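# Commentary on secondary and tertiary structure
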Amino acid sequence: MSTIVAQSRRSLVGSSRDAGSDDLVIVGGLGHVGLPIGLAFANAGLQVVLYDTSEQKAAVVRQGRMPFVEHGAEPILKAVLNKTLRLSASADSISRARLVMIAVGTPVDEYLNPKLRSILEVFTQINAHLRPEQTIIIRSTVYPGTCRQILNFLSADGHAWHVAYCPERIVQGYAIKELPELPQLVAGLSEKALKDAVELFGRVAPKVIPVSVEEAELAKLFANAWRYIQFAVSNQLFMIAQGFGVDFNRLRQVLMDGYGRAATLPMAGFAAGPCLLKDTLQLAAFNNNNFLLGHAAMMVNEGLPNFLVEDLRRRRDLSRTTVGILGMAFKADVDDIRDSLSYKLGKILRFHGAKVLYSDEFANDPTFISTERLLASSDVVIVGVPHSAYQQLVVSEGVEVVDLWGVIRRPKQNHAEHHLAEHPREASETLLRR
Ligand SMILES: NC(=O)c1ccc[n+]([C@@H]2O[C@H](COP(=O)([O-])OP(=O)(O)OC[C@H]3O[C@@H](n4cnc5c(N)ncnc54)[C@H](O)[C@@H]3O)[C@@H](O)[C@H]2O)c1
């Protein structure tokens, strides 16, 4: 650590003004992970500060509005804002809290390798504002071994630091519902770190499970790789069934009917977003690229848009076809388009000469058109993501619909083909699972 940083930290440590006046500061506090959890802790009565570099999001949140879709969050935001919850654009706020949570993004690079340095760079930026008395809780998903690297980085100044790792396993968009329902894995690299993290999550989680940091790091990556592989299984089976002229949704229902061992077979569909592929590849990189199942899942899931286009090309001249993609978010009922496969689908269609139209119920983009206009202007409609609202749509017979989820109704509906549309409860459970 540089002399300047060390001096600046000493002055903070010695300053009573800074000592623990807030319970928790969240670095990356306006992100998809940081903001909902900040709301949950503020709602539980803690004094919470959300520190974030995004002025754009801060401007929205200061008005009591969520900057992205998070079901059930806005009423809580309005209730706690400027009471137990404050926003800060200044890293000074970090030094004033007893607990520091790190919830910044941990991306992979353009060649899909983990960017190991990105979280360490955040620590370099905030280092001067951290105090050894604080417990630093890593919430971001990390490459295995990162938490110990962070501890080593901090300990270079000769102090004993307290680092905990408490991975987020919540499905995006449903943190407010899932936080009080899901057990929380909690790990600490010191007794104090573990104790503080157990105490913190005990306020919002129904059960806290103490584990080692290594167990927590692997458990988080395994959880996402497991989901990603499960989706790949369904997608591969979908492609096999399609090639054989068999409706996958019908087959899936038959398979699951009274047969518990098949009960967890997901629907086919795009497995996308900023976490599942990234975390599967982090695990692969960690295991010296020896993760055949993970890589196979990537080939299947990332290949699904190509499969759909090839299937379409067998029936149509795409250069004379307008294709509407219904749903551009990466999953149902959220507005997050990060790493959405709908965009990849659009690119492949355009490459083959199709005119492509986009719409979404939640995400905003100046290039999107309304759902009504898309349905009226397209020869083919492909459902990219099964937003609940699409269960109400009726698409006329003249338009070909490619609907892996089985959410769209046709005027003359056949029970076997559209089981899900007739069983909205099952459909909505499936949407939640994704
Ligand atoms: N999104 C999910 O559902 C989810 C689920 C589980 C785990 N995770 C993991 O959680 C982490 C965060 O993901 P996310 O989706 O919330 O990302 P995000 O991009 O939505 O949020 C990150 C936030 O950090 C802020 N930020 C970036 N650098 C900063 C800095 N130096 N100082 C202060 N603020 C800074 C950004 O402005 C942004 O608001 C990642 O590691 C991700 O893998 C995400």
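What this report covers is the structure whose coordinates are included nearby. (Residues numbered from 1 in each chain as written. Predicted model: local features only at pLDDT ≥ 70, side-chain atom pairs only at ≥ 80, totals over all residues. Heavy atoms only, no water.)

Under the definition given, this model contains 16 salt bridges. The salt bridge involving Arg-148 is made with Glu-214; its shortest N-O contact spans 2.6 Å. Of the two residues, Arg-148 is situated in helix H7 (residues 146-155) and Glu-214 in helix H10 (residues 213-243); the sequence distance between them amounts to 66 residues. For Glu-400, the salt bridge goes to Arg-316, with nearest N and O atoms at 2.9 Å. Pair noted here: Glu-400 is in strand S12 (residues 400-402) and Arg-316 is in the loop between helix H13 (292-315) and strand S9 (322-326), with a separation of 84 residues, a long-range link. The exposure class of Arg-316 is partly exposed, given its relative accessible area of 27%. Within this structure, Asp-311, Arg-314, Arg-315, Arg-316 and Glu-400 form a network of salt bridges that share partners. (Salt bridge = Lys/Arg side-chain N within 4 Å of Asp/Glu carboxyl O. Helix = DSSP H or I, 4+ residues; strand = E, 2+ residues; numbered from the N terminus. Buried < 20%, exposed > 50% of the residue type's maximum accessible area, 1.4 Å probe, protein only.)

This part covers the environment of His-32. Relative to the elements of secondary structure, His-32 occurs in the loop between strand S1 (22-27) and helix H2 (34-43). Note: C-alpha distance between His-32 and Tyr-390 (358 residues apart in sequence) is 24 Å. When sequence neighbours within four positions are dropped, the list of residues in contact with His-32 reads Phe-68, Glu-70, Gln-172, Asp-336 and Arg-338. At 3.5 Å, the side chain of His-32 and the side chain of Asp-336 are in polar contact. A polar atom in the side chain of His-32 sits 3.1 Å from the side chain of Arg-338. (Contact = heavy atoms within 4.5 Å. Polar contact = N/O pair within 3.5 Å; in protein donor to acceptor, adjacent residues only side chain to side chain.)

Further remarks concern the side chain of Gln-282. The residue Gln-282 is located in helix H12 (residues 276-286) in this model. Those residues in contact with Gln-282 that lie beyond four places of it in its chain are Thr-106, Val-108, Pro-114, Thr-141, Val-142, Tyr-143 and Leu-221.

Here we take up the packing of aromatic side chains. With the rule as written, the count across this model stands at six aromatic pairs. Plain terms: the ring middles of Phe-238 and Phe-307 are 5.9 Å apart, the flat faces sit at 70 degrees to each other, and that makes the pair edge-to-face. With Phe-238 in helix H10 and Phe-307 in helix H13, this residue pair connects regions lying 69 residues apart in the sequence. Just as Phe-238 is buried, Phe-307 falls in that class too. Relative to Tyr-358, the ring of Tyr-343 has its centre 5.6 Å away and its plane inclined at 65 degrees; by these criteria the two rings are edge-to-face. Placement of the pair is Tyr-343 in helix H14 (residues 341-351) and Tyr-358 in strand S10 (residues 355-359), with a sequence separation of 15 residues. Here a set of aromatic residues connected by ring pairs shows up, and it is made of Phe-238, Phe-248 and Phe-307. (Phe/Tyr/Trp six-rings, centres within 6.5 Å; stacked < 30°, edge-to-face > 60°.)

If you walk through the whole model with that rule in mind, you get three cavities of 30 Å³ or more. The computed volume of the largest cavity comes to approximately 80 Å³. In this structure, the largest cavity is lined by Thr-106, Pro-107, Pro-114, Lys-115, Leu-116, Ser-118, Ile-119, Thr-141, Val-142, Tyr-143, Thr-146 and Gln-282. By residue class, the composition of the lining of the largest cavity is six nonpolar, five polar and one charged. Empty space within the second largest cavity amounts to approximately 60 Å³. If you go around the second largest cavity, the residues you meet are Arg-139, Pro-167, Arg-169, Ile-170, Leu-179, Leu-182, Pro-183, Gln-184 and Ala-205. Of the residues contributing to the lining of the second largest cavity, the split by class is six nonpolar, one polar and two charged. (1 Å grid on protein atoms, 1.4 Å probe; cavity = no way out; pocket = protein on both sides within 12 Å on 5 of 7 lines; lining within 4 Å. Points joined across faces, edges and corners; volume = space filled by probe spheres on them. Nonpolar A, V, L, I, M, F, W, Y, C, P; charged D, E, K, R; others polar.)

Right, let's talk about the sheet that holds S9 for a bit. Ordered in space as S10-S9-S11-S12, the four strands form an open sheet in which the pairing is parallel. If you trace the sheet from one side to the other, it starts and ends with S10 and S12, each paired once. Here the average twist between neighbouring strands, direction ignored, is 20 degrees. The sheet contact formed by S9 and S10 spans five bridges and is parallel. Each residue of the ladder has a partner; that of Ile-325, found in S10, is Tyr-358. Across the sheet, H13 is in contact with S9, strand S11 (380-383) and S12; its angle to S12 comes to roughly 155 degrees. Here H14 sits on the sheet in contact with S9, S10 and S11, set at roughly 165 degrees to S10. (Pairing = 2+ DSSP bridges. Axes fitted to C-alpha atoms, helices over the stretch in contact; angles between N-to-C directions.)

Turning our eyes to something else, we now look at a nonpolar patch on the surface. On the surface, Val-233, Leu-237 and Ile-240 cluster together into a nonpolar patch covering about 250 Å² of accessible area. Looking at the element boundaries, Val-233 is found in helix H10. In this structure Val-233 comes out as partly exposed when scored by relative accessible area, which is 41%. (Patch = residues over 30% accessible without salt bridge, like charges linked within 9 Å, V, L, I, M, F, W, Y side chains within 5 Å. Areas by Shrake-Rupley, 256 points an atom, 1.4 Å probe, with all protein chains shown as cover.)

A few words now on the pairing of strand S6 (residues 162-165). Residues His-162 and Ala-164 of S6 are buried on one face, and the alternating residues Val-163 and Tyr-165, pointing to the opposite face, are buried as well. With H7 bridging strand S5 (residues 135-138) and its parallel neighbour S6, the resulting β-α-β unit is right-handed. Bridge count between S6 and strand S7 (residues 184-188): two bridges; the pairing is antiparallel. Residue pairing across strands places Ala-164 opposite Gly-188, the latter belonging to S7. (Right-handed = clockwise from strand over helix to strand, strands pointing away.)

The subject of this paragraph is the site of the ligand. Surveying the vicinity of the ligand reveals 24 residues, the closest of which are His-32, Asp-52, Lys-57, Thr-106 and Lys-278. Measuring from an oxygen atom of the ligand, one finds a side-chain N or O atom of Thr-106 at 2.5 Å. Arg-338 is positioned with one of its side-chain polar atoms (N or O) 3.0 Å from an oxygen atom of the ligand. Protein coverage of the free-state accessible area of the ligand, which is 830 Å², stands at 87%. Among the residues forming the shell around the ligand, the class breakdown is seven nonpolar, 11 polar and six charged. Summarising the domain contributions, the shell around the ligand has at least three residues from each of domain 1 (3-211) and domain 2 (246-433). (Near = heavy atom within 4 Å. Domains from an automatic or database assignment.)

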